[in-house]
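In case you want the letters, here they are:
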Amino acid sequence: QDVEVAGTLPMSMTTFVGRDQELGEIRSLFRNGKRLVTLVGIGGIGKTRMALELGFSAGDLGWGCVYFVELAPVTSPDLVYGAVLESVGGDSSRSPLQAVVEHLREATGLLVLDCCEHVLDAARRLSEVVLRRCPSVAILATSRSPLDVEGELVWAVPSLSMRQPGDASDTEASDAARLFADRASHVQPRFELSEDAAGAVEAIVRKVDGIPLAIELAAARVR
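Notes on the structure in this doc start here. Please read these numbers as outputs of a predicted model, since none were measured by experiment. (Residues numbered from 1 in each chain as written. Predicted model: local features only at pLDDT ≥ 70, side-chain atom pairs only at ≥ 80, totals over all residues. Heavy atoms only, no water.)

Side note on the packing of aromatic side chains
So, step 1. Taken as a whole and judged by the stated rule, the model has two aromatic pairs.
So, step 2. Relative to Trp63, the ring of Phe30 lies with its centre 5.1 Å away and its plane at 80°, an arrangement referred to as edge-to-face. Pair noted here: Phe30 is in helix H1 (residues 20-31) and Trp63 is in the loop between helix H2 (47-56) and strand S3 (65-70), with a separation of 33 residues, a long-range link.
So, step 3. We classify Phe30 as buried; its relative accessible area is 9%. (Phe/Tyr/Trp six-rings, centres within 6.5 Å; stacked < 30°, edge-to-face > 60°. Helix = DSSP H or I, 4+ residues; strand = E, 2+ residues; numbered from the N terminus. Buried < 20%, exposed > 50% of the residue type's maximum accessible area, 1.4 Å probe, protein only.)

This is the structure:
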């Protein structure tokens with residue numbers, strides 16, 4: 001199903017690795033009627049990349065459009081509604097929040113609010129109004145803290161899966177190791193997750209607790 005992506009959906013230059021189980025769980029939440037899911041976790045854990053991946057597959061969940069709002073550059077809570085309006089479109093002659101609601105009232109889609117932690121009050125107010133007045137719009141937020149909105153489901157983003165020392169039962173590389181190998185191949189094209197290298201890579205990703213950003217920084221040093 002074709003999905004209209006409103007605004008500028010950031011396109012990553014790197015491959016999305018792993019997270020199949022996690023993405024499946026979040027999709028199930030929306031299929032089962034949840035309308036506000038907040039991905040919560042520390043910086044670098046991969047909240048934004050997961051939100052983008054869900055946005056790209058929005059058609060599978062019956063959404064006709066995805067509105068992606070980057071809140072990280074927003075320097076003041078007073079500018080949040082304007083940033084959302086810029087993404088979703090609407091009548092700019094009205095107050096930004098009113099214009100957003102008017103535009104989304106008949107929409108069937110997903111509103112992604114990325115990086116809400118520094119503008120929690122405004123993101124909370126926006127979410128409350130949209131959920132109440134736009135019945136066919138769901139919200140996926142990413143934040144270091146919950147929005148604390150009635151009906152919100154807080155989903156803690158875990159580290160990438162890793163193999164534990166001495167675990168011989170699983171011969172496949174973990175998601176964390178596969179991410180390391182993929183990013184390492186960008187700086188060392190001949191790098192492969194061979195049997196000889198696998199143990200060292202698994203040790204490295206455990207050392208950085210399976211945090212995606214830390215894995216990418218470590219992989220960049222294989223040069």
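Now, onward.
Topic: the pairing of S3
So, step 1. Counting buried residues in S3 gives five out of six residues, a clear majority hidden from the surface.
So, step 2. Where S3 meets strand S4 (residues 109-114), six bridges bridge the pair, whose relative direction is parallel. Bridging across to S4, Val69 finds its partner in Leu113. (Pairing = 2+ DSSP bridges.)

Quick notes on helix H8 (residues 212-219)
So, step 1. Within H8, burial applies to Pro212, Ile215 and Ala219. One side of H8 holds all its buried residues, which, seen down the axis, span an arc of 60°.
So, step 2. Buried residues along H8 sit in contact with helix H6 (175-187) and helix H7 (195-207). (Arc of directions from axis to C-beta. Contact = heavy atoms within 4.5 Å.)

A word on H1
So, step 1. In this model, H1 (12 residues) spans 16 Å end to end at C-alpha, consistent with the 16 Å of a helix rising 1.5 Å per residue.
So, step 2. All of the buried residues along H1 are Glu22, Leu23, Ile26, Arg27, Leu29 and Phe30. One side of H1 carries all its buried residues, which in axial view fall inside an arc of 155°. More than 90 degrees from the buried face of H1, the exposed residues found are Asp20, Gln21 and Arg31.
So, step 3. Contact partners of the buried residues in H1: strand S2 (36-40), H2, S4, strand S5 (137-143) and strand S6 (153-156). (Expected span 1.5 Å × (residues − 1).)

Points about unusual backbone geometry
So, step 1. For Arg19, which is not glycine, the phi torsion reads 70° and is therefore positive.
So, step 2. We classify Arg19 as buried; its relative accessible area is 3%.
So, step 3. If you check the backbone angles, Cys115 has positive phi at about 70° while not being a glycine.
So, step 4. Among the secondary structure elements, Cys115 is positioned in the loop between S4 and helix H5 (120-133).

Focus: the side chain of Ser174
So, step 1. Note on placement: Ser174 falls in the loop between S6 and H6.
So, step 2. From its side chain, Ser174 meets the backbone nitrogen of Ala177 in a polar contact 3.1 Å long.
So, step 3. Discounting chain neighbours no more than four positions away, the residues touching Ser174 are Ser161, Met162, Arg163 and Glu202. (Polar contact = N/O pair within 3.5 Å; in protein donor to acceptor, adjacent residues only side chain to side chain.)

Brief notes about the nonpolar core
The tendency in soluble globular proteins is for nonpolar side chains to be buried side by side.
So, step 1. The biggest cluster of nonpolar side chains holds 34 residues, and the ones touching the most others in it are Leu71, Val84, Leu104, Leu111 and Leu113.
So, step 2. Elements that contribute at least two residues to this core include exactly S3, helix H3 (80-88), helix H4 (96-104), S4, H5 and S5.
So, step 3. Sort the elements by how many residues they give to this core and H5 lands first, with seven residues.
So, step 4. Discounting residues that sit within four places of it in the chain, Val84 has contacts with Val69, Val100, Leu111, Leu113 and Leu126.
So, step 5. Counting 24 residues, the second largest nonpolar core, distinct from the first, contains Val37, Met50, Leu52 and Ala138. (Core = buried A, V, L, I, M, F, W, Y, C linked by side-chain atoms within 4.5 Å.)

Some words on the packing of H1 against H2
So, step 1. Across the interface, H1 lies against H2 with an axial gap of 11 Å and an inter-helix angle of 60°. What the angle tells us is that H1 and H2 run oblique. Of the two elements, H1 crosses H2, and the hand of that crossing is right-handed. For the pair H1 and H2, contact is made by Glu22, Leu23, Ile26 and Arg27 and by Met50, Glu53 and Leu54, respectively.
So, step 2. Among the residues making up the contact of H1 with H2, the classes are represented as four nonpolar, no polar and three charged. (Axes fitted to C-alpha atoms, helices over the stretch in contact; angles between N-to-C directions. Parallel < 35°, antiparallel > 145°, perpendicular 65-115°, else oblique. Left-handed = near helix turned anticlockwise from the far one by under 90°. Nonpolar A, V, L, I, M, F, W, Y, C, P; charged D, E, K, R; others polar.)

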